[in-house]
Amino acid sequence: MFFSRLTTIYGRGKVKSLWGDSEDQLKVMRKEWAKTVGKFSFEDLDIIFDRLRQKLADGNPDYTWPDIPKVLRLARTNCHHASHQVLPRGLPEPESVKQRRMARGRLAVQTAKAVLAGSACSLEEKPEGRL
(Lines give C-alpha, C1' and ligand atoms only; values in the text may rest on other atoms or scores of the structure.)
Protein backbone atom coordinates (compact mmCIF):
# COMPACT_ATOMS: atom_id res chain seq x y z
CA MET A 1 0.00 0.00 0.00
CA PHE A 2 2.83 2.41 0.91
CA PHE A 3 4.60 1.99 -2.42
CA SER A 4 1.34 2.24 -4.36
CA ARG A 5 0.67 5.58 -2.69
CA LEU A 6 4.20 6.79 -3.49
CA THR A 7 3.67 5.76 -7.10
CA THR A 8 0.35 7.60 -7.17
CA ILE A 9 1.83 10.80 -5.74
CA TYR A 10 5.11 10.87 -7.70
CA GLY A 11 4.14 8.96 -10.84
CA ARG A 12 5.25 5.61 -12.24
CA GLY A 13 8.07 7.12 -14.32
CA LYS A 14 9.75 8.77 -11.37
CA VAL A 15 9.47 5.59 -9.26
CA LYS A 16 11.01 3.50 -12.04
CA SER A 17 13.82 6.00 -12.59
CA LEU A 18 14.77 5.90 -8.91
CA TRP A 19 14.28 2.24 -8.04
CA GLY A 20 14.45 0.60 -11.46
CA ASP A 21 12.68 -2.57 -12.58
CA SER A 22 15.04 -5.20 -11.17
CA GLU A 23 13.26 -7.61 -8.83
CA ASP A 24 16.34 -7.93 -6.62
CA GLN A 25 16.67 -4.18 -6.29
CA LEU A 26 12.95 -3.83 -5.50
CA LYS A 27 13.16 -6.56 -2.82
CA VAL A 28 16.09 -4.86 -1.07
CA MET A 29 14.41 -1.46 -1.27
CA ARG A 30 11.08 -2.73 0.05
CA LYS A 31 12.79 -4.62 2.87
CA GLU A 32 14.66 -1.49 3.96
CA TRP A 33 11.56 0.70 3.81
CA ALA A 34 9.49 -1.98 5.61
CA LYS A 35 11.74 -1.66 8.66
CA THR A 36 10.76 1.99 8.92
CA VAL A 37 7.23 2.06 7.59
CA GLY A 38 6.11 -1.12 9.36
CA LYS A 39 6.08 0.73 12.69
CA PHE A 40 3.34 3.13 11.60
CA SER A 41 -0.40 2.59 11.78
CA PHE A 42 -2.67 3.33 8.82
CA GLU A 43 -3.72 6.59 10.46
CA ASP A 44 -0.07 7.62 10.84
CA LEU A 45 0.57 6.79 7.18
CA ASP A 46 -2.42 8.91 6.17
CA ILE A 47 -0.98 11.83 8.13
CA ILE A 48 2.46 11.28 6.58
CA PHE A 49 1.05 11.27 3.04
CA ASP A 50 -1.14 14.31 3.75
CA ARG A 51 1.93 16.20 4.94
CA LEU A 52 3.96 14.95 1.99
CA ARG A 53 1.32 16.22 -0.47
CA GLN A 54 1.26 19.56 1.36
CA LYS A 55 5.07 19.86 1.13
CA LEU A 56 4.86 19.17 -2.59
CA ALA A 57 2.03 21.66 -3.04
CA ASP A 58 4.10 24.29 -1.18
CA GLY A 59 6.97 23.64 -3.62
CA ASN A 60 9.38 22.42 -0.95
CA PRO A 61 12.48 21.28 -2.89
CA ASP A 62 13.48 18.84 -0.13
CA TYR A 63 10.54 16.63 -0.99
CA THR A 64 11.04 16.15 -4.71
CA TRP A 65 11.56 12.55 -3.69
CA PRO A 66 11.13 11.23 -0.13
CA ASP A 67 13.79 9.14 1.52
CA ILE A 68 13.55 7.34 4.85
CA PRO A 69 14.75 10.24 7.04
CA LYS A 70 12.29 12.62 5.39
CA VAL A 71 9.39 10.21 5.98
CA LEU A 72 10.46 9.89 9.61
CA ARG A 73 10.58 13.68 9.88
CA LEU A 74 7.03 13.91 8.51
CA ALA A 75 5.90 11.34 11.06
CA ARG A 76 7.75 12.91 13.97
CA THR A 77 5.81 16.14 13.76
CA ASN A 78 2.73 14.08 14.59
CA CYS A 79 3.82 13.61 18.23
CA HIS A 80 1.52 15.29 20.72
CA HIS A 81 3.20 13.81 23.79
CA ALA A 82 4.61 16.39 26.22
CA SER A 83 8.14 15.06 25.70
CA HIS A 84 7.95 16.14 22.05
CA GLN A 85 6.70 19.67 22.71
CA VAL A 86 8.70 22.80 23.28
CA LEU A 87 7.59 24.14 26.61
CA PRO A 88 7.93 27.77 27.70
CA ARG A 89 10.80 28.60 30.01
CA GLY A 90 10.17 28.57 33.73
CA LEU A 91 11.16 31.28 36.12
CA PRO A 92 14.19 33.38 35.21
CA GLU A 93 17.42 32.29 36.86
CA PRO A 94 18.33 34.07 40.11
CA GLU A 95 20.89 36.87 39.87
CA SER A 96 23.36 34.96 42.10
CA VAL A 97 23.33 31.98 39.70
CA LYS A 98 23.85 34.29 36.76
CA GLN A 99 26.79 36.02 38.48
CA ARG A 100 28.47 32.68 39.33
CA ARG A 101 28.02 31.45 35.75
CA MET A 102 29.53 34.66 34.38
CA ALA A 103 32.45 34.52 36.88
CA ARG A 104 33.23 30.93 35.86
CA GLY A 105 33.13 31.95 32.23
CA ARG A 106 35.53 34.84 32.83
CA LEU A 107 37.88 32.53 34.76
CA ALA A 108 37.79 29.99 31.94
CA VAL A 109 38.63 32.67 29.37
CA GLN A 110 41.48 34.04 31.50
CA THR A 111 42.85 30.54 32.03
CA ALA A 112 42.76 29.80 28.33
CA LYS A 113 44.51 33.10 27.58
CA ALA A 114 47.19 32.31 30.18
CA VAL A 115 47.81 28.89 28.64
CA LEU A 116 48.03 30.39 25.16
CA ALA A 117 50.36 33.15 26.36
CA GLY A 118 52.64 30.60 28.02
CA SER A 119 52.21 31.83 31.59
CA ALA A 120 50.46 28.57 32.55
CA CYS A 121 51.29 25.05 31.42
CA SER A 122 47.81 23.55 31.55
CA LEU A 123 44.23 24.48 32.12
CA GLU A 124 44.50 23.24 35.71
CA GLU A 125 46.97 26.04 36.49
CA LYS A 126 44.50 28.88 36.86
CA PRO A 127 45.71 32.49 37.00
CA GLU A 128 45.84 33.48 40.63
CA GLY A 129 43.64 36.21 42.06
CA ARG A 130 41.90 37.07 38.82
CA LEU A 131 38.19 36.94 38.14
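Residues numbered from 1 in each chain as written. Predicted model: local features only at pLDDT ≥ 70, side-chain atom pairs only at ≥ 80, totals over all residues. Heavy atoms only, no water.

Describing the overall build of the protein
What the protein contains, in helices and strands, is six helices and zero strands. For the protein, the sequential pattern of α-helices and β-strands runs α-α-α-α-α-α. Across the 131 residues that make up the protein, the buried fraction comes to 24%. Counting only contacts in the protein whose residues sit at least 6 apart along the sequence, the fraction spanning at least 24 positions is 57%. As displayed, the protein offers around 9,800 Å² of accessible surface, 56% of which is attributable to carbon and sulfur atoms. (Helix = DSSP H or I, 4+ residues; strand = E, 2+ residues; numbered from the N terminus. Buried < 20%, exposed > 50% of the residue type's maximum accessible area, 1.4 Å probe, protein only. Contact = heavy atoms within 4.5 Å. Areas by Shrake-Rupley, 256 points an atom, 1.4 Å probe, with all protein chains shown as cover.)

Comments concerning the nonpolar core
Counting 20 residues, the largest nonpolar core has Phe 2, Phe 3, Leu 6, Trp 19, Trp 33 and Leu 52 as its most contacted members. At the level of secondary structure, the elements contributing two or more residues to this core comprise α1 (2-10), α2 (12-19), α3 (23-37), α4 (42-57) and α5 (68-76). When neighbours within four sequence positions are excluded, Phe 2 is seen to be in contact with Trp 33, Val 37, Leu 45, Phe 49 and Val 71. (Core = buried A, V, L, I, M, F, W, Y, C linked by side-chain atoms within 4.5 Å.)

Let's talk about the packing of α3 against α5
As a packed pair, α3 and α5 sit with axes 11 Å apart at the nearest point and diverge in direction by 20 degrees. Taken together, the axes of α3 and α5 are roughly parallel relative to one another. With respect to the hand of their crossing, α3 and α5 are arranged in right-handed fashion. Contacts from Glu 32, Trp 33 and Thr 36 of α3 reach α5 at Ile 68, Val 71 and Leu 72. Partitioned by chemical class, the residues of the contact of α3 with α5 number four nonpolar, one polar and one charged. (Axes fitted to C-alpha atoms, helices over the stretch in contact; angles between N-to-C directions. Parallel < 35°, antiparallel > 145°, perpendicular 65-115°, else oblique. Left-handed = near helix turned anticlockwise from the far one by under 90°. Nonpolar A, V, L, I, M, F, W, Y, C, P; charged D, E, K, R; others polar.)

Overview of the pattern of salt bridges
Enumeration according to the criterion identifies three salt bridges in this entry. Where Arg 53 meets Asp 50, a salt bridge forms, and the shortest distance between an N and an O atom there is 2.5 Å. One end of the pair, Arg 53, and the other, Asp 50, are both in helix α4, three residues apart, so they sit about a helical turn from each other. The salt bridge involving Arg 101 is made with Glu 93; its shortest N-O contact spans 2.5 Å. (Salt bridge = Lys/Arg side-chain N within 4 Å of Asp/Glu carboxyl O.)

Comments concerning the environment of Thr 64
Within the secondary structure, Thr 64 is located in the loop between α4 and α5. Not counting chain neighbours up to four residues away, the residues in contact with Thr 64 comprise Tyr 10 and Lys 14.

Side note on the confidence of the model for the protein
Here the protein averages 78 in pLDDT, while 83% of its residues score no lower than 70. Confidence, read as mean pLDDT per element, is least for α2 in the protein (74) and greatest for helix α6 (residues 95-117) (90). (pLDDT = per-residue confidence, 0-100.)

Here's the deal with α3
The end-to-end C-alpha distance of α3 is 20 Å, a good match for the 21 Å that 15 residues give at a rise of 1.5 Å each. On its buried side, α3 packs onto α1, α2, α4 and α5. (Expected span 1.5 Å × (residues − 1).)

Points about the side chain of Arg 5
Of note, Arg 5 is situated in helix α1. Only 2.7 Å separates the side chain of Arg 5 from the side chain of Asp 46, close enough to count as a polar contact. In contact with Arg 5, other than residues within four places in its own chain, are Leu 45, Asp 46, Phe 49 and Arg 53. (Polar contact = N/O pair within 3.5 Å; in protein donor to acceptor, adjacent residues only side chain to side chain.)

Focus: the environment of Ile 68
With respect to the helices and strands, Ile 68 occurs in helix α5. On the basis of relative accessible area, Ile 68 is assigned to the buried category, the value being 19%. A C-alpha to C-alpha distance of 8.7 Å links Ile 68 and Val 37, two positions 31 residues apart in sequence. For Ile 68, the residues in contact, after removing those within four places along its chain, are Glu 32, Trp 33 and Thr 36.

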